[in-house]
Amino acid sequence: MPNGRLPPTPIPIPIPKSVVILGAGAWGTALANLARAKGHQVRLWSRQSSQTLAAVLQGADIALSAISMKGVRDVASVVKSCPLSPQTIFITATKGLDPQTTLTPSQIWQSEFPDHAVVVLSGPNLSKEIEQELPAATVVASKNSAAAEMVQLVFSSSRFRVYTNPDPVGVELGGTLKNVIAIAAGVCDGLHLGTNAKAALVTRGLTEMVRIGKVLGAKTETFYGLAGLGDLLATCNSPLSRNYQVGYQLANGKTLTEILTNLPGTAEGVNTCRVLMQISQQQHITIPITEQVYRLLETEVTPEQALDELMLREIKPEYNQ
Ligand SMILES: NC(=O)C1=CN([C@@H]2O[C@H](COP(=O)(O)OP(=O)(O)OC[C@H]3O[C@@H](n4cnc5c(N)ncnc54)[C@H](OP(=O)(O)O)[C@@H]3O)[C@@H](O)[C@H]2O)C=CC1
Ligand SMILES: O=C(CO)COP(=O)(O)O
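These notes cover the structure that comes with them. (Residues numbered from 1 in each chain as written. Chains lettered and ligands numbered in written order. Predicted model: local features only at pLDDT ≥ 70, side-chain atom pairs only at ≥ 80, totals over all residues. Heavy atoms only, no water.)

### Brief notes about the sheet that holds strand 3 (residues 62-65)
Here comes step 1: Reading across from one edge, 2-1-3-4-5-6-7 is the order of the seven strands in this open sheet, with mixed pairing throughout. Strand pairing shows two members of the sheet lacking a second neighbour, strand 2 (41-45) and strand 7 (160-165), which therefore form its edges. Neighbour to neighbour, the strand axes of the sheet diverge by 25° on average, direction disregarded.
Here comes step 2: The pairing of strand 1 (residues 18-22) with strand 3 spans four bridges and is parallel. Opposite Val19, over in strand 3, you have Ile62 as the bridge partner. (Pairing = 2+ DSSP bridges. Helix = DSSP H or I, 4+ residues; strand = E, 2+ residues; numbered from the N terminus. Axes fitted to C-alpha atoms, helices over the stretch in contact; angles between N-to-C directions.)

Right, here's the structure in full:
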């Protein structure tokens with residue numbers, strides 16, 4: 001201890017696990033590399049794979065889904081028909097909501113596999129930065145705390161810091177709801193509205209996320225952590241975010257169809273925004289930013305009109321009593 005500091009505590013080395021990653025897109029591939037770097041045996045599956053799901057899942061300790069929202073229900077039902085060990089832990093890393101049922105991905109996995117542990121993995125994790133081995137932190141959350149701790153050990157490294165959290169719904173909704181605000185942030189930057197406007201948008205966006213989260217059973221404090229505010233900041237401030245790119249390009253006059261045709265990968269915020277409009281109407285939740293993003297995606301307003309609509313809402317206290 002020449003400088004008087006204690007040496008860092010080494011991260012415990014877990015027993016190598018058999019990890020199957022479902023979805024070989026940007027995020028699935030990055031997570032596969034993180035698990036491989038920790039010495040786990042990793043198999044990656046996608047629709048293009050030559051092996052069947054049943055063959056790939058044989059002997060899996062962990063099945064991690066990084067499938068876009070639109071494929072989750074179908075893949076979960078095929079996995080249900082595969083023989084699995086009762087100990088297999090499911091991890092879901094998808095950030096979206098099911099348009100038919102409004103369920104979150106973890107709720108879908110849990111309803112298909114009621115006797116298995118399901119862990120949500122979500123945080124400020126732009127996959128391109130993780131592939132470059134830049135430092136990042138994430139959150140794993142489950143009703144089964146032992147499963148969350150196991151997943152924490154499996155992925156923790158000197159470049160990927162993993163925290164546990166007991167609020168899976170909140171962690172999952174943080175990653176999902178921020179995508180809509182990231183579209184709005186892209187519009188804000190695309191219109192060159194400045195730093196004050198962006199700060200106001202992101203802060204009021206967080207208020208909107210908390211409002212929805214409370215109704216859907218999340219803990220408010222979770223939204224102020226990595227999976228909420230953390231992911232909101234990362235996604236609203238980075239051109240690496242596909243959701244931010246959607247907003248930025250809409251502000252520059254491109255159509256949604258043009259943008260999505262050329263976008264590398266999935267921008268979940270587009271579907272999430274539509275599902276949130278359904279939920280807000282059923283549950284009477286006020287979500288003005290999401291509503292303007294929805295109207296913009298539906299070409300009901302221009303970016304400038306959406307801005308005016310938000311600025312000219314009835315004046316009110318910052319917090320409702
Ligand atoms: N990229 C990122 O930085 C991060 C992404 N996420 C989330 O992870 C999820 C995946 O994102 P990402 O990897 O970037 O997206 P990509 O578009 O790169 O990959 C999507 C994956 O989902 C699969 N897929 C899509 N539709 C279906 C379907 N109907 N049935 C089966 N498989 C399907 C694709 O399979 P195929 O190759 O066969 O088309 C592909 O493997 C999203 O919910 C995203 O929000 C979360 C954190 C970070
Ligand atoms: O969720 C992400 C970062 O945490 C990725 O954001 P995009 O899906 O907008 O690229």
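That covers the picture; the talk isn't over yet.
### Focus on the pattern of salt bridges
Pairing between side chains becomes possible if they bear opposite charge and their charged atoms approach one another.
Here comes step 1: In total, this model carries eight salt bridges according to the counting rule given.
Here comes step 2: Within the structure, one salt-bridge network assembled from shared partners comprises Lys95, Lys178 and Asp231. (Salt bridge = Lys/Arg side-chain N within 4 Å of Asp/Glu carboxyl O.)

### Some points on the packing of helix 12 (residues 269-283) against helix 13 (residues 288-297)
Here comes step 1: One can describe the packing of helix 12 onto helix 13 by two numbers: an axis separation of 9 Å at closest approach and a directional angle of 120°. By the angle between their axes, helix 12 is oblique relative to helix 13. In this structure, the crossing between helix 12 and helix 13 has a hand that is left-handed. For the pair formed by helix 12 and helix 13, the contact residues are Val270, Cys273, Arg274, Leu276 and Met277 on the first element and Thr290, Glu291, Val293, Tyr294 and Leu297 on the second.
Here comes step 2: Of the residues contributing to the contact of helix 12 with helix 13, the split by class is seven nonpolar, one polar and two charged. (Parallel < 35°, antiparallel > 145°, perpendicular 65-115°, else oblique. Left-handed = near helix turned anticlockwise from the far one by under 90°. Contact = heavy atoms within 4.5 Å. Nonpolar A, V, L, I, M, F, W, Y, C, P; charged D, E, K, R; others polar.)

### Description of helix 12
Here comes step 1: Here helix 12 contains 15 residues, and its C-alpha end-to-end distance of 20 Å stays within 8% of the 21 Å for a straight helix at 1.5 Å per residue.
Here comes step 2: Just downstream of helix 12 lies His284, where phi reads positive at about 55°. (Expected span 1.5 Å × (residues − 1).)

### A closer look at the pairing of strand 7
Here comes step 1: Pairing geometry for strand 6 (residues 136-141) and strand 7, over six bridges, is parallel. Directly across from Val139, in strand 7, lies its bridge partner Tyr163.
Here comes step 2: The parallel pair strand 6 and strand 7, bridged by helix 6 (residues 145-155), forms a crossover whose chirality is right-handed. (Right-handed = clockwise from strand over helix to strand, strands pointing away.)

### Looking at the packing of helix 7 (residues 168-190) against helix 8 (residues 195-215)
Here comes step 1: Close contact between helix 7 and helix 8 brings their axes to 10 Å; oriented N to C, the two are set at 155°. Comparing the axis directions of helix 7 and helix 8 gives the class roughly antiparallel. The handedness of the crossing between helix 7 and helix 8 comes out as right-handed. Judged by residue contacts, Leu173, Gly174, Leu177, Lys178, Ile181, Ala184, Ala185, Cys188 and Asp189 of helix 7 engage Ala197, Lys198, Leu201, Gly205, Met209, Ile212 and Gly213 from helix 8.
Here comes step 2: Looking at side-chain class alone, the contact of helix 7 with helix 8 contains 10 nonpolar, three polar and three charged residues.

### A short note on the site of ligand 1
Here comes step 1: Neighbouring ligand 1 are 23 residues, the closest being Trp27, Arg47, Ser127, Thr266 and Glu268.
Here comes step 2: Here Ser127 contributes a backbone N or O atom positioned 2.8 Å from an oxygen atom of ligand 1.
Here comes step 3: Contact distances for ligand 1 include 2.7 Å between an oxygen atom and a side-chain N or O atom of Glu268.
Here comes step 4: Coverage of ligand 1 by the protein amounts to 85% of the 890 Å² it exposes when considered alone.
Here comes step 5: Judged by the fraction of its atoms near the pocket grid, ligand 1 is located in the largest pocket.
Here comes step 6: Of all the secondary-structure elements, those providing two or more residues to the shell around ligand 1 are helix 1 (26-37) and helix 3 (69-80). (Near = heavy atom within 4 Å. Polar contact = N/O pair within 3.5 Å; in protein donor to acceptor, adjacent residues only side chain to side chain. Areas by Shrake-Rupley, 256 points an atom, 1.4 Å probe, with all protein chains shown as cover. 1 Å grid on protein atoms, 1.4 Å probe; cavity = no way out; pocket = protein on both sides within 12 Å on 5 of 7 lines; lining within 4 Å. Sits in = over half its atoms within 2 Å of the grid points.)

### Examining the layout of surface pockets
Here comes step 1: Of the volumes computed, that of the largest pocket is approximately 1,100 Å³.
Here comes step 2: Surrounding the largest pocket, 43 residues form its lining, Ala26, Trp27, Ser68, Arg242 and Thr266 being those nearest its centre.
Here comes step 3: Secondary-structure elements contributing two or more residues to the lining of the largest pocket are helix 1, helix 3, helix 5 (127-131), helix 7, helix 9 (226-236), helix 10 (242-251) and helix 11 (256-262).
Here comes step 4: In terms of residue count, the dominant contributor to the lining of the largest pocket is helix 10 (four residues).
Here comes step 5: The class makeup of the residues in the lining of the largest pocket is 14 nonpolar, 20 polar and nine charged.
Here comes step 6: In this structure, the second largest pocket occupies an estimated 760 Å³ of space.
Here comes step 7: Along its surface, the second largest pocket is lined by 31 residues, and Leu201, Arg204, Ile289, Leu310 and Met311 are the ones closest to its centre.
Here comes step 8: For the lining of the second largest pocket, the elements supplying multiple residues, two or more each, are helix 7, helix 8, helix 13 and helix 14 (303-311).
Here comes step 9: With seven residues, the single largest contributor to the lining of the second largest pocket is helix 8.
Here comes step 10: Of the residues that constitute the lining of the second largest pocket, the class distribution is 19 nonpolar, five polar and seven charged. (Points joined across faces, edges and corners; volume = space filled by probe spheres on them.)

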